Amino acid sequence: MRKTYDKQPIIELSSVMTLFIMPALLIVLLSGCSSVSNTMESPYTLTESWGGKGDATGKFNEPTGIAVTNNEVFVSDARNARIQVFDYQGNFKRAFGHQGSDIEKLNRPMNLAVSKNELYVTDYFNDRIQIYTLAGQYQRSLGKSGRGPGEFDAPVGIDVANNGDLYVVDFYNQRLQQLRRDGSFVRQWGTTGKTGFLSGQFNYPTDVAIDSDNNLYIADGFNDRMQVFDKAGEYAYKWGGLWGMNVSGSRPGWFKTVTSTSIGPNGHVYVADFYNDRMQKFSTEGDFLDMITVPSKNQQHTVIAVAVAQDGTVFIADHGNHRIQKWQKQALSQSHTGAVNESEKK
């Protein structure tokens, strides 16, 4: 929960001093914000939208995570406690998972990752990672409830390195854990159970993505920022708001709770900015490049998760409207079937 503090002025400045000092202070403050690229990108076009609230095939109850392969879209249908799979046009293919705490069952699946023909599912209320084949066959589970190495208190985000190591975001334990494929503990980032806003500290982190150079991009949820660690695991830099110091906002490059992140085929970083109802796209250094906004209705916020295909197509899990959206750059969408309005396919 966020805290607010009353700020009392230490000294009073005359109106003349304020006239000169405040503009200079504003320049200094803004210098700590994410920069905005001058490169103009072609706009995104909504080309597919499917779902709607329900528990029938192809319907969702709060889709919360999303991952893609070369031809399929995997969705965490959170409150229906299942994974649903679709082709790129939104046609249903299969589903797996059922509500429960027994092996193979799910209790609020969250962010997903695909690696080497396996799907990794963060099983939030069961405090474990469940691994399935892409066809939906259960393989194994990792972790248990707790605060020790390899244990979890609400795992929410995951990615898998090329060597098979897992990087798991451990929400209430305020940390990121690195595990071997068998679940054995390697190391962690963040102090267990301790929130913080300084570099390398977390405030309810939500997701992680690994780029081709093994750099880690961590969605630091309630700190409203992205933090980056290099391939050696050392803190590198951060962005979001003023100097990445837990200041939320709606300007480009600012966030109001980051909930998911994904690395695109060109190395760009895609971030779900939940309470701003948008996806923001950045360079690897955190320069703002582009955004997709999905308007909310009745305060039901929208963009909670994002995944990017190899051709740059963006898939968004629209939490409040219980649907999946597919967005493409204008030139790319014109080479496929015509774009659709949001109301044309549900």
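Here the structure is a predicted model, which is why all the values come from computation and not from measurement. (Residues numbered from 1 in each chain as written. Predicted model: local features only at pLDDT ≥ 70, side-chain atom pairs only at ≥ 80, totals over all residues. Heavy atoms only, no water.)

Draft legend 1. A look at the sheet that holds strand E2 (residues 63-68). Taken in spatial order, the 4 strands make up an open sheet running E2-E3-E4-E5, and their pairing is antiparallel. Of all the strands in the sheet, the pair left with one neighbour each is E2 and strand E5 (92-96). Across the sheet, the axes of successive neighbouring strands diverge by a mean angle of 20°, strand direction being ignored. (Pairing = 2+ DSSP bridges. Helix = DSSP H or I, 4+ residues; strand = E, 2+ residues; numbered from the N terminus. Axes fitted to C-alpha atoms, helices over the stretch in contact; angles between N-to-C directions.)

Draft legend 2. Region of interest: the pattern of salt bridges. What the rule picks out here adds up to 14 salt bridges. As a salt-bridge pair, Glu72 and Arg94 come within 2.8 Å of each other at their nearest N and O atoms. Of this pair, Glu72 sits in strand E3 (residues 72-77) while Arg94 sits in strand E5, and the two are 22 residues apart along the sequence. Put simply, Asp170 and Arg175 hold a salt bridge, and the shortest N to O gap is 2.8 Å. When its relative accessible area of 0% is taken as the criterion, Asp170 is described as buried. According to the relative accessible area criterion, Arg175 is buried, its value standing at 1%. One salt-bridge network, in which partners are shared between bridges, spans Glu72, Lys93 and Arg94. (Salt bridge = Lys/Arg side-chain N within 4 Å of Asp/Glu carboxyl O. Buried < 20%, exposed > 50% of the residue type's maximum accessible area, 1.4 Å probe, protein only.)

Draft legend 3. Local environment of the pairing of strand E7 (residues 118-123). E7 sits mainly inside the fold: 6 of its 6 residues count as buried. Covered by surrounding structure in E7 are Glu118, Tyr120 and Thr122 together with Leu119, Val121 and Asp123, the residues of both alternating faces. Pairing of strand E6 (residues 109-115) with E7, which is carried by 5 bridges, proceeds in the antiparallel orientation. Note on E7: the bridge partner recorded for Leu112 is Val121. Hairpin geometry of E6 and E7 is characterised by an intervening segment of 2 residues between the two adjacent antiparallel strands and by a positive phi of about 50° at Lys116. In the sheet, E7 pairs with strand E8 (residues 128-133) via 6 bridges, with the strands oriented antiparallel. If you follow Thr122 over to E8, its bridge partner there is Ile129.

All quantities given are derived from atomic positions and should not be read as evidence of function.
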